[in-house]
Amino acid sequence: MSEPKEASILTKVASEVFAGVIAPALENAPLIQAAEDDVLAKEDVLVRMERELKRALKKTPAERRWVMVIDLRRCVGCHACTIACVAENKLPPGIVYRPVLTEEIGKYPNVTYRFLPKPCMQCENAPCTPVCPVNATYTNEEGVIVVDYDQCIGCRACISACPYASRTFDFGLNYTDKTIDGLAMTLGSKQAGKYETAGAAFEYGERRERKHEQSPIGNVRKCHFCLHRIKEGILPACTTTCIGRATFFGDANDPDSLVSELIAKPNVMRLKEDLGTEPRVYYLV
Amino acid sequence: MSASTKPNAISRRDFLKLGAAGAASALVLSKFDHGFRPISSAQAKRALQQNVRYVNTACVMCPAECGIRVKVEDGIASAIYGNIYVPMNTNGICAKGAAGIQMVYNVNRIKYPMIRVGERGEGKFKRVSWDEALDYIADRLIEYKKKYGAESVIMDAGDVTDRDPYWYLFRAFGTPHVTEHGAICDTPRRHGPKLFFGGKRVEPDIMRPVLVRQPDGSLKNDYSYRTKLIIYAGWNPFTATRINYESRGTVEAKLNGAKIIVIDPALSNTATKADQWIPIRVGTDADLFAAMLRYILEHHDDSNPLRRYIDWSFLDYSQGWEEFLAEFKSWWNKTDPINGKPYFTLEWAAQRTDIPAEKIAELAHTFGILKPAALVWGMNGIGHHYNGYIASILGVALNVITGNMEVPGGAIDTELVKSDKGGKAKGEDFVKREVTRVINGQEVSGKIEELHMDYYGDWPAAWDDVVGDYPRRFLEGVTLRYGPFRDHQYPIKAFFIRTGNPVITGSNTQEWIKALTAKDGDEYRVGLVVYIDTPFLETGLYADVILPEASYLERMSLSDIYPSHQLIYLRDFVIDKLYESKTQYDIMIALAKKLYEKGDPDIKPEDFWEKYPTEEDFWNEALKVAPGRAHCGVPLPYPQYPVNYKLIGTPDSLEAGKVTIDDEKKVVQGEYVTVQWLREHNGVAIWPMSWHRFNNGGVLKTASKKVEFVWDYEVEKDGEKKRQGQYAKYNKLIEAAGETPFAIRELGWEKYAKTFYWFETLWNPYTNPEYAKLAEEYPFQLISGRVHHAMSGTQLVDWLGRIPTEDLWEPFNDDRTIDEVIIGENGPTPSGRKVHIPKGLWCIGVIQMNTADGRKLGLRKGDLVELETPQGFKTRGKVNLVETIRPGVLRLPLGGGGRFSPGLGLTYDFRDISPNANDLTDPSHHSPIMGMPLYADVMVKVKKL
Amino acid sequence: MSQRDYLETRLTIYALLRQLFQYPIGTEALIAARELSLPETHPLYREWKNLQSSIPADINPDWEEQLRIEMTRLLEGPGRTPAPPYASFYLDGMRLMGYPARRAQQTYLEYGVLPEASGLPADHLATELGFLAYLAEQGLTLESDPKPFQVSLAFLQEQVQPWVTSFCVALENAAQEAFFIRLAQFTRAYLEEDATWLQTVLANEYTH
């Protein structure tokens, strides 16, 4: 049964109600004010972030600062981002740019899983770039740490330097491993397998076939915030696919952007802050 | 390049000495050419230009069927993204959805029609033309119809919804047996909503955005979450991903202040976001709900705001509450033989559920005062128990009396509010035809639908096109017991299974194999088994004919799964049909033509190719009934139209007033939704949301247009007494025949109950005294869970195989280089190729067990064990010792292990060390009302191997 | 034997191989294979004889049925087959309709032709052999133009041989029926032989 008091409040705020901020004015509807940090209250965050992305692209690369915010309270542990990334970048087995670490915490019955989506942190003070002997990995003008596959000599110094284990080495594994190669051995033919062994990826906006002993095989690979998509004004694959809407992306130099709003929250944190790496990936906890 | 090593060898050769084939060559060339045709240079140039387009369509990697947007490059689908316009998933797609490309272009896909050449199960086939395959099928269908009647044929359309062409065809052919996976899965879960509302699934009001009519007349998207409490009992939306919006909806509701409580013997992904996880004892959900209801009834106080649990306004749109209450209360004085306590008391429930009494009281109290709220129960939980009906009934009652149904932020029966679709394209008119059968020497007439093996056989209350009692009917045949065809007997001669894999997912695997391979003399008892699908799964091994169905990117149909209000979206052609696959429409028309040519009397051109010359025509027919719901609720979707009239037509025609209003039929008729309209509107039609849709009848589908707490009652209308209620029809049949269905006779019933009922589940030593004595030898209760991507078929997608899920699907593979296995001369055979799977890169189904139990048994993580039931059924797998499950309970992935179809890729290679839950399912019992298998009522002992 | 005869034989072999890899193999194609005699001087005379000896003198329906069942198991399905006849499977991570299919289609278009609609992907062995047959036919009628030979060689080396070698080994290993073992052996040898011949021809005939 409705409370008369509630009903009168509802009448008063009818205009706000229909602005979509709070409940429609329904007779029996209890009044609930949308929580302060309810980023979804006004419009779909994806729509907003895409608009902001396009706005940022009008600036020069140096004027923007891409950051990612991952809200751990919204992560449902579905691994959709991991697979969307694998599909987008056509990653071979053993290489994942965005794993979701699942950790069991506690003892029955006080136990839970913690999910931690972990892309490259894209550190401001990246420990991985200075160690590259050939300057193959560096921070680009937009603040994203990239790998020049043609320069990379595969020494893996950056892998050891990364405190977040965000880099992996492409050993040239394929879903067909020991299939085609194995046959090549039995045949004594150099031909078998001398070809693309996985579809072309568009990382860094270049079409690259996965050929034997050619880049990116033998290179170090990592998350690059889907630069090829950003360039087109599309959000990274992990961000758009997330079914919990836990991943946010945008330009932290834009004070009106959603990510700027989020990283100003008190519940924000970054991984291993004590190292002074200044990650550009933030977590809301 | 070999040439580089011997260039001189060839150059020494003399052309003139090289051979020519002479006359035979001319013969070859006259008959065979190269199959290439020149095209104009302009045409070639056009085709060579990089051609990228995006197509809006609907996923079918699982039956959630989210809205997707597919990138197509040069005619090949290259990436799958979400469609933000579909509110079901608003752009979010799960791991399965994102990996769809690997299903569509999987090498294991069925590419061509096949006919079996070995014995069933051997996997020996011969590729044939469509014509041959359809000939084979049509000849047998016609033969069986002549000998046994069309009712000897079953068309089971598995677990995707775009089945209408098949149902249309088989109903036209004359069988009432068209069914779907819903027949053998979670029917008890849907029973409560069906009885009370005529609905199916109660879900929380957390699909956002919803389109809402504003006071100024405009329509706006509403993104606000109003829910204060969600209780998920045995329901794990984060992992099932079946209702996509419940993932973000639940976390958003929580961030907006809602309390989330998860009741589940195992810690689910959903439970990780809950304020409270209650690891209940297996199979005691009904006990908990009953205690909650009793507590609420005993402690409700209208004058105390902190005790005002019941919202009496529910009486405005309900009937029969007094009878329900009286029956429920009648149990309060009875004592439970197993614990000596009065039924439904906190202490009684505490003993049975192993949840402390105070906690149950707190739960009941919280649910009573925190509003709006939704109590939601699930599939692998309540839906899979013998007595899941009772939990479902109590769950509905709790939602109704607390005033949570249909309030903003409360609970919604999604079945009642989703858009209608199908209409004439379902072919329901065909089963109204009169037919004659000779029974005991006498000619009897009746409708085709009255030949139904369940409704008029052992399971009269098996609603929703359900054929639950698989595969027993295959072995025993059908005897009708009710209706005009009482005593009519017929065998099941043909079984069509489309996009389903019952050998693994429908009751006991060995029982299925027994039924599909049973012979009478040299002939298989079920004479024709046809398997129609894109992937090749276990059931296909037992088929006589295999038909390649176009994958979901190559076919057309409609989706409308579980939204909070009417919306419908299009599954469209994204790429050309691959190999020789055909769409459901193609197959319907082709088989119909074949039957017609062979003289089948029931297939008529005017019902098929003349009526629906194109695929689009067929789906436009299916759209003619959309949205088709009563115009009701607050705020009223279209204030200009009368309340409770049925709305038909596109959102824009209704909005613009391009309608005719029929006051007699109470229909507001706008312009029909069409495939083309959907294409022009981002692939989706969305009508406005409203709440309070039960008031004045609204969307309720009961006879009284009220929420019915009684299911067989009398009303007087125009001076005539009439029986109404969801069970009334069946009880009348039972009374007329004077025979009680055997399964409810086992419960001690004569008829279906008029209102609340109670009975115990099977194979549960804690609630059913009969099984208590087995508890010592078989100390574990076994349940199953869903793996993100372990739909029966999606496991063949390599990308997904690397992703662990909830301690059920774990990278327990050792470093293995395995022989790739293919269908060989004598069944599965190594192909000679090796596949290397590095350690930890591939996940397999495992047995989830509490660490303490493992310690007691001397087991270590990864040990291989055998599980055995009191009936001697066995399966084996590796144990995963974790803290995330209740001691005494084991959990297996359903369909996640023991997979023996080589069509599954790597999952097949680990079948020796992964468990098949259905190897353990009791084949001799079925849940008593719908005849569903008892997937979750299993007791086992564990033996280390 | 004239050069023209050789070119005609080449066309014949490609056209016939295309038939032999396309399900179902027709009786006429089998008869043609049995009847087509290569002169002893042909470099693959022995391999061809071997293949022919696996075709019975009396091609009876029982044997043909056996052949169809075996071919279904080896190449057609259902589920995983021992020797999927698609380039993408071998060259693009075991999937189908991958980059090799697009690349083959592109090659056809660049040459101004398209395969007739058959439901077969552009990188199915029969389609690729068909294209080689088409080019062989072009080489027959445009004797002075090296283009068909150049395209053939590039197509063979870059797109066909990289996988057909693996395919033929897989087929040979898995086949129970002598016909398919010999067909695999002949196909692999013939493609190698033809690539060598094309190289020589292009080096000797068209360079001056």
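Below is a short write-up of the structure. (Residues numbered from 1 in each chain as written. Chains lettered and ligands numbered in written order. Predicted model: local features only at pLDDT ≥ 70, side-chain atom pairs only at ≥ 80, totals over all residues. Heavy atoms only, no water.)

Before going further, it helps to examine the interface of chain B and chain C. The interface of chain B with chain C comprises 64 residues on the first partner and 80 residues on the second. At the surface where chain B touches chain C, the tally comes to 6 salt bridges. For the salt bridge of B:Arg127 with C:Glu76, the shortest nitrogen-to-oxygen distance reads 2.4 Å. Inspection of the chain B/chain C interface yields 16 residue pairs in polar contact (both at pLDDT 80 or more). (Contact = heavy atoms within 4.5 Å. Salt bridge = Lys/Arg side-chain N within 4 Å of Asp/Glu carboxyl O. Polar contact = N/O pair within 3.5 Å; in protein donor to acceptor, adjacent residues only side chain to side chain.)

What follows is about the sheet that holds strand 32 (residues 667-669) of chain B. Residue and element names in this part refer to chain B. Pairing within the open sheet is mixed, and its 4 strands lie in the order 29-30-32-31. Looking at strand neighbours, the two that pair on one side only are strand 29 (627-630) and strand 31 (660-662), the edges of this open sheet. Direction aside, the axes of adjacent strands within the sheet are offset by 15° on average. Here 3 bridges tie strand 30 (residues 646-648) to strand 32, and the two strands are oriented parallel to one another. Bridge pairing links Ile648 to Gln669 in strand 32. (Pairing = 2+ DSSP bridges. Helix = DSSP H or I, 4+ residues; strand = E, 2+ residues; numbered from the N terminus. Axes fitted to C-alpha atoms, helices over the stretch in contact; angles between N-to-C directions.)

Attention shifts here to the packing of aromatic side chains. Per the stated rule, a full pass over the model turns up 81 aromatic pairs over all chains. Ring geometry for C:Phe89 versus C:Tyr90: centroids 5.0 Å apart, planes at 85°, classification edge-to-face. Under the relative-accessibility criterion, C:Tyr90 is labelled buried at 2%. Directly above the ring of B:Tyr579 sits B:Lys111, whose terminal nitrogen or CZ lies 5.8 Å from the centroid. The ring of B:Tyr672 has B:Lys624 sitting right over it, with the charged end atom 5.7 Å from the ring centre. (Phe/Tyr/Trp six-rings, centres within 6.5 Å; stacked < 30°, edge-to-face > 60°. Buried < 20%, exposed > 50% of the residue type's maximum accessible area, 1.4 Å probe, protein only. Lys NZ or Arg CZ within 6 Å of the ring centre and 35° of its normal.)

All names here are of chain B. As a packed pair, helix 13 (residues 346-353) and helix 14 (residues 357-369) sit with axes 8 Å apart at the nearest point and diverge in direction by 110°. The pairing of helix 13 with helix 14 is recorded here as roughly perpendicular in orientation. Our pair here, helix 13 against helix 14, has a crossing hand that is right-handed. For the pair formed by helix 13 and helix 14, the contact residues are Leu346, Ala349, Ala350 and Thr353 on the first element and Ala357, Ile360 and Ala361 on the second. For the contact of helix 13 with helix 14, the residue count by class is 6 nonpolar, 1 polar and no charged. (Parallel < 35°, antiparallel > 145°, perpendicular 65-115°, else oblique. Left-handed = near helix turned anticlockwise from the far one by under 90°. Nonpolar A, V, L, I, M, F, W, Y, C, P; charged D, E, K, R; others polar.)

Here the focus is unusual backbone geometry. All names here are of chain B. A cis amide bond links Tyr470 with the next residue in sequence, Pro471, at an omega value of -20°. Position of Pro471 among the secondary structure elements: in the loop between helix 17 (454-458) and helix 18 (472-476). The phi dihedral of Asp186 falls on the positive side, at around 50°, and the residue is not glycine. Assignment of secondary structure puts Asp186 in the loop between strand 8 (178-179) and helix 8 (187-197).

To continue, consider the pattern of salt bridges. Throughout the structure, instances matching the rule amount to 90 salt bridges over all chains. A salt bridge links A:Glu278 to A:Arg270; its shortest N-O distance comes to 3.0 Å. With a shortest N-O distance of 3.8 Å, B:Glu511 and B:Lys514 are connected by a salt bridge. With B:Glu511 and B:Lys514 both in helix 20 (residues 509-517) and 3 residues apart, the pair spans about one turn of that helix. The partly exposed category is assigned to B:Lys514, whose relative accessible area is 46%. Within the structure, one salt-bridge network assembled from shared partners comprises B:Asp458, B:Asp469, B:Arg472, B:Arg473, B:Glu476, B:Arg481, B:Arg486 and B:Glu739.

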